[in-house]
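Analysis of the macromolecular model
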Amino acid sequence: LKLQFLYLIANICGASQTMKLAILAAGAALAAASPRAATHAEYNVFAKVPTPRQRLHSGVNLTADAQAAPQQVHLALAGLGADGYATGYSVAWYTEADVNCFLRWGTGAELVNATAAAGRRQYVTKGGYHHHTAMGPLVDGAMYSYRILCDGGAASAVLGTKFEVRMHGAPKTMSVYGDMGFLGAKERSMVMPLERGWSAIPTRDVLEDVLNDGGFDAVWHVGDISYADDAYDQNVVGGLYEQVYNGYMNWMQNITAAVPYMVSVGNHEAECHSPACTVGFLKGRQLANFTAYNARFQMPAEESGGVQNMWYSYNYGPAHIVSVNTETDFPGAGEEKKGPIFASGHFGADGAYLKWLEADLAKAAADRAAGKISFIIAGGHRPVDDSIVGVQALFAKYKVDLYLAGHSHSYSRSFKSCGGSACRGTMSAPGNTTHVVVGGAGNDETPYGHVGPTAGNPKTPFFTAEMGSGTLTFHNATTLEWRFVSSLNRTRVVDQFFLNRQL
């Protein structure tokens, strides 16, 4: 057995401190004896900021070197109006130093509007600071420029984004995927990778290429973001949780600073599993119960009656989008009480989450009946089955059209859209929910490429282990198209279907 698994098992089973220290010592010896590969040309995982990538989007600056320099810039939809549509963006970023920052933004070369950061948070001792503020109200369909400025003259580059949440005649597309790690085993010089040869680089590069071609307007990452909790497979005795999370967010900044990066909670967001966290319980407790996830991101939960980033909803294009919580706050949840080492859950009163979910779906169904929206789309990390208590019944009751998930490191969907053996076609939106699992973006628990045979069973008529990501396109008010695209060949559409709804 690999030493990291031995350590985790020993810790969970209550092994003696002597045994756990022996495992750590063995890991340290192996780490010291192992040759380290050359640093990846595009990114130095141990640097405070990344080295510059050759392909930059919207002038994102990844080369600032000051402690006060804003890094890890990411956008999200914010400020929901009475109609459920966003009125602006939340803007979040990170600094190494405890500094004041503010945002300047506008529609032209002159950034005439200024917004101070609403707050900053340091959630782990000796960690950096996470800032967020709002940019808005914005005009739907307009292009904006923005820049973050901090004490001491540190600043981001002037960044560009388009704000568009309603249909304006042109299709609107979201990139959707789950379970994406940071770089790969070779690039991070992993001592004991859980899966040798794994890489998320193909998916990451396809995403940037497609974005630069105008291929999507937003991202929805349905859980398991960066796999920072697996950082012990890079250094068994080091506490690299924060370094990996920071590295991932800088690595993704070309995308996340240009379009909204919407996230749903996954099991790998729960806590830190490195020995530095589980032996040094102070750090472990500081990173427990989804703390990093809830501090780093700013989803429209307050506006939609949700809680932190654990559950929330918003309207986008002709659809109501619901980010569901598959991890805590309902009976039988995977991280209901522990995650698996530290206490977790209880973000709301008992039963509050499922009450919110039913109320949210009921309102969306009424809006759909009134012609205000056309589709109800839910998404969360784990596939919804009988173990997700009560949710299947709610999806059926309110006729949720589509559910998107990850967790399984593969791709599958719940029906053959053409019938027979064909994988593609058009069908009217059914009364039953169509389920799609899109969890093969690449991570340290999945072999590189993970290409396997296409197969099926009564519950998942289409299945593939090929690495890829999905695109959800609203062509107009009544037509939705889903595509699953290979990360190994961006021109290869592995699966495709349409849902049509008549208003």
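Residues numbered from 1 in each chain as written. Predicted model: local features only at pLDDT ≥ 70, side-chain atom pairs only at ≥ 80, totals over all residues. Heavy atoms only, no water.

Once that is clear, we can look at the pairing of strand β24 (residues 493-500). Taken across its eight residues, β24 has six buried, putting it largely inside the fold. Pairing analysis gives seven bridges linking strand β23 (residues 479-486) to β24, with the strands arranged antiparallel. By the bridge assignment, Trp482 is partnered in β24 with Phe497. Between β23 and β24, which follow one another and run antiparallel, lie six residues. (Buried < 20%, exposed > 50% of the residue type's maximum accessible area, 1.4 Å probe, protein only. Helix = DSSP H or I, 4+ residues; strand = E, 2+ residues; numbered from the N terminus. Pairing = 2+ DSSP bridges.)

Mapped onto the elements of the fold, Gln72 is located in strand β1 (residues 71-78). Gln72 gets classed as buried once you look at its relative accessible area, which sits at 1%. In terms of polar contacts, Gln72 uses its side chain to reach the side chain of Asn246, at 3.1 Å. (Polar contact = N/O pair within 3.5 Å; in protein donor to acceptor, adjacent residues only side chain to side chain.)

Within the open sheet, the four strands sit side by side as β1-β2-β6-β5. Their pairing is antiparallel. Here the strands that pair on one side only, and so sit at the sheet edges, are β1 and β5 (119-121). Strand-to-strand, the axes of this sheet are offset by a mean angle of 20°, without reference to chain direction. In the sheet, strand β2 (residues 88-95) pairs with strand β6 (residues 129-135) via seven bridges, with the strands oriented antiparallel. Across the sheet, Tyr89 pairs through a bridge with Met135, a residue of β6. In this fold helix α4 (residues 241-251) packs onto β1, β2 and β6, with an angle of close to 70° to the strand it touches most, β1. (Axes fitted to C-alpha atoms, helices over the stretch in contact; angles between N-to-C directions. Contact = heavy atoms within 4.5 Å.)

Below, the discussion takes up the nonpolar core. The biggest cluster of nonpolar side chains holds 127 residues, and the ones touching the most others in it are Tyr146, Tyr248, Ile377, Leu472 and Trp482. Look past the residues within four positions of Leu472 in its chain and what remains in contact with it is Lys172, Thr173, Met174, Val176, Ile377, Leu402, Leu404, Leu480, Glu481 and Trp482. (Core = buried A, V, L, I, M, F, W, Y, C linked by side-chain atoms within 4.5 Å.)

Two elements, strand β3 (residues 101-106) and strand β7 (residues 142-150), share six bridges in a ladder whose sense is antiparallel. Bridge assignment links Trp105 to a residue of β7, and that residue is Tyr146. What sits between the antiparallel neighbours β3 and strand β4 (residues 113-116) is a turn of six residues.

A word on the packing of aromatic side chains. A full pass over the atoms with the stated rule returns 15 aromatic pairs. Seen from their ring centres, Phe290 and Phe347 are 6.1 Å apart, and the 65° between their planes marks the pair as edge-to-face. Of the two residues, Phe290 sits in the loop between α7 (281-286) and α8 (291-296) while Phe347 sits in the loop between β15 (319-323) and α10 (352-369), which places them 57 residues apart along the sequence. Per residue, the accessibility class of Phe290 equals that of Phe347, and both read buried. (Phe/Tyr/Trp six-rings, centres within 6.5 Å; stacked < 30°, edge-to-face > 60°.)

Worth remembering: the numbers are spatial, not functional.
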